[in-house]
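A look at the structure
For reference, the chains in residue letters:
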Amino acid sequence: MKLFVEKDYEKLSKVAANIVKEEMSKKPNMVLGLATGSTPEGMYRELIRMHKEDGLDFSNVITFNLDEYVGIDVEHPNSYHYFMKNILFNHINIDLKNTYIPDGKANDLEKYCEEYDELIQEKGGIDLQILGIGENGHIAFNEPDDTLNVGTSVVDLTQSTIEANSRFFDSIDEVPKTAITMGIGTIMKAKKIILLANGKKKAKVIKELLREDKITTQLPASMLLLHPDVTVIIDEEAYQG
Ligand code: F6R
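Residues take numbers from 1 onward in each chain, read along the sequence in its written order. The model is predicted, so local features are restricted to residues of pLDDT at least 70 and side-chain atom pairs to those at 80 or more, both for listing and for counting; the totals for chains, interfaces and linings are taken over all residues. Excluding hydrogens and water, the side-chain values take into account all heavy atoms of the structure.

**Focus on the packing of aromatic side chains**
Aromatic ring pairs are described here by two measures, namely the spacing of the ring centres and the angle between the planes. Each Phe, Tyr or Trp ring, with Trp reduced to its six-membered ring, pairs with another whose centre is within 6.5 Å; inter-plane angles below 30 degrees give stacked pairs, above 60 give edge-to-face pairs, and intermediate values give tilted ones. Under the defined criterion, the tally for this structure stands at seven aromatic pairs. With a centroid separation of 4.9 Å and 45 degrees between ring planes, the pair formed by Tyr-69 and Tyr-80 is classed as tilted. Placement of Tyr-69 in strand E4 (residues 67-69) and of Tyr-80 in helix H3 (residues 80-87) is noted, with a sequence separation of 11 residues between them. Judged by relative accessible area, Tyr-69 falls into the buried class, the value being 1%. Aromatic rings pair up to connect Phe-64, Tyr-100, Tyr-112 and Tyr-116 into one cluster. Helix numbering and strand numbering both begin at the N terminus, where a helix is a DSSP run of H or I of at least 4 residues and a strand a DSSP run of E of at least 2. Exposure is judged per residue with a 1.4 Å probe applied to protein chains only, and the accessible area is read against the type maximum: over 50% gives exposed, under 20% gives buried, and values in between give partly exposed.

Laid out in structure tokens, this is it:
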């Protein structure tokens, strides 16, 4: 696991965007795994800038998002579909047909999850996966538990995640209680992974992740210690030394 500690969020976002750009230059039709949430927003802003000012070309890029709430309509302002269009897709030259986000309203969710994993493999597997991390150590919506799912699945969100995500909703009661998420195995199959974290709120979990040379399902991000190509990029606030 490589660690980059950057001065601030802006620098972290630029470093992350540069890695995406580098991978895109090696493989213009790369399969890019995307995350939602606040953490990657600065990186997305920088990628948009690179597209607008430097002509970074997304026309052949394929994307797969990590997760989506169950039962939420794609047009709902709190859906991850809406988020991705708003924050990235509408501002770059990506073909929306090449963007995949789990469908929280699929009829047969179990079958849908299996097909999502199959589709990722059909497209050649994820070349670069972007991850954030929850304050409780979750990656995607793989929450701390006695066991973790290997493949994409429907999961219950923990109270701490519901509380953390309530900041995007009018009230905590509106936050969906279940989500579709790529499984730990799906994420681990990505050829390269970058995990981003910024701010004091993430310092405790980052310390656990970096200090503990141990894997536990109670800290799902610790599974990444087994991956051969993970880069953790954090700002000084998220780093306690
Ligand atoms: C989002 C996701 C989550 C977030 C995590 C951190 O697609 O998979 O695991 O990365 O909850 O969220 P933020 O970035 O809002 O602190």
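There's more to say after this.
**Digging into the sheet that holds strand E7 (residues 153-156)**
When DSSP locates at least two bridges between a pair of strands, those strands are taken to pair. Taken together, the three strands give an open sheet; going across it, the order is E4-E8-E7, and neighbouring strands pair in antiparallel fashion. Because the sheet does not close on itself, it has two edges, and the strands there are E4 and E7. Between one strand and the next, the sheet's axes are offset by a mean angle of 30 degrees, whatever the strand orientation. Relative to strand E8 (residues 178-181), E4 runs antiparallel, the two sharing three bridges. To define axes, lines are fitted to C-alpha atoms, for helices over the stretch in contact only, and angles between the resulting N-to-C directions are given on a 0 to 180 degree scale.

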